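Notes for the structure review
Below, each chain spelled out in residue letters.
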Amino acid sequence: MFFSLNRVCLALVTTAFLMAAGQAHSENREAAEELSGLLTDYRTYQADFIQILVNEGGDKVQETTGSLKAKRPGLFYWEQDPPLSQFIVSNGEKVTVYDPDLEQVTIHSLDDRIATTPALLLSGEVDHLAETYNVTRQAADGQQQVFVLEPKSQDSLFISLQLRFTDGVLNEMRLNDSLSQLSILSFDDVQLNESVPDSAFVLEYPDSVDVIQDGA
């Protein structure tokens, strides 16, 4: 009798676990589809930004400003202001990083790891978010929508990413990395779906800089 009760309890627990897992999977897919719908509507995205880096103890260790623009499919341009100047540009196949202070340009192939860089969600493929991330809807009301993405791959560049929308417009990203640091990226003066020529995504730098290619 005791053995039979154990088997019944085990069956009930297993069933409850499978039901919970199925519900979580369904909720993850629904949240991913909702987020994908929001981002897919962004044919172009332009904004100024303030980026604040907070350490594990909650102290602000760095603040930078700049601007970015993105255009589907695959075009992205990030410009960070002095004194920490940096330019990051993607053409959908490669990512080029120019550090003026180092007089160095690094060119990376847009592999799966780099393609999941948070900012590239504004220009890359977002139709299959549920395959790459566990997506949860943290909050939603008439104006505010908040989504949290947790990468399924252990090789990801971050642990979790929060996207905050107001009236369908992305105005903040919060990224937690493996060093227990929090990066808060706030967007201002957002312009959606304005015409942006492809020529605006060409990175120019002096011939004198060192150019490093992946695998070179």
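Just above, that's the structure.
Keep in mind that what you see is a predicted model, and the values were worked out from it rather than measured.

Here's the deal with the pairing of strand S8 (residues 144–151)
- Counting buried positions along S8 gives six out of eight residues, so the element sits mostly inside the fold.
- Across six bridges, S8 lies against strand S9 (residues 160–166) in antiparallel orientation. Each bridged residue has a counterpart across the sheet, and for Val148 the counterpart in S9 is Gln162.

Regarding the packing of aromatic side chains
- Counting across every chain of the model gives eight aromatic pairs.
- Ring plane angle 80 degrees and centroid distance 5.7 Å describe the contact between Tyr45 and Phe187, whose orientation is recorded as edge-to-face. Of this pair, Tyr45 sits in strand S1 (residues 44–54) while Phe187 sits in strand S11 (residues 182–192), placing them 142 residues apart in sequence. Each member of the pair, Tyr45 as well as Phe187, is classed as buried.
- Seen from their ring centres, Tyr98 and Tyr205 are 5.8 Å apart, and the 45 degrees between their planes marks the pair as tilted.

Observations concerning the nonpolar core
- Judged by nonpolar contacts, the single largest core of 35 residues is most densely connected at Leu35, Leu121, Leu149, Leu163, Phe165, Leu170 and Phe187.
- For this core, the element with the most residues is helix H1 (residues 2–40), which contributes five residues.
- Beyond its immediate sequence surroundings of up to four residues, Leu170 is in contact with Tyr42, Tyr45, Leu122, Leu163, Arg164, Phe165, Phe187 and Val190.
- Judged by nonpolar contacts, the second largest core, of eleven residues, contains Leu75, Phe87, Phe201 and Leu203.

Observations concerning the side chain of Thr44
- Secondary-structure assignment places Thr44 in strand S1.
- A distance of 2.7 Å separates the side chain of Thr44 from the backbone oxygen of Glu194, its partner in a polar contact.

Reading the values: rules and limits
Residues numbered from 1 in each chain as written. Predicted model: local features only at pLDDT ≥ 70, side-chain atom pairs only at ≥ 80, totals over all residues. Heavy atoms only, no water. Buried < 20%, exposed > 50% of the residue type's maximum accessible area, 1.4 Å probe, protein only. Helix = DSSP H or I, 4+ residues; strand = E, 2+ residues; numbered from the N terminus. Pairing = 2+ DSSP bridges. Phe/Tyr/Trp six-rings, centres within 6.5 Å; stacked < 30°, edge-to-face > 60°. Core = buried A, V, L, I, M, F, W, Y, C linked by side-chain atoms within 4.5 Å. Contact = heavy atoms within 4.5 Å. Polar contact = N/O pair within 3.5 Å; in protein donor to acceptor, adjacent residues only side chain to side chain.

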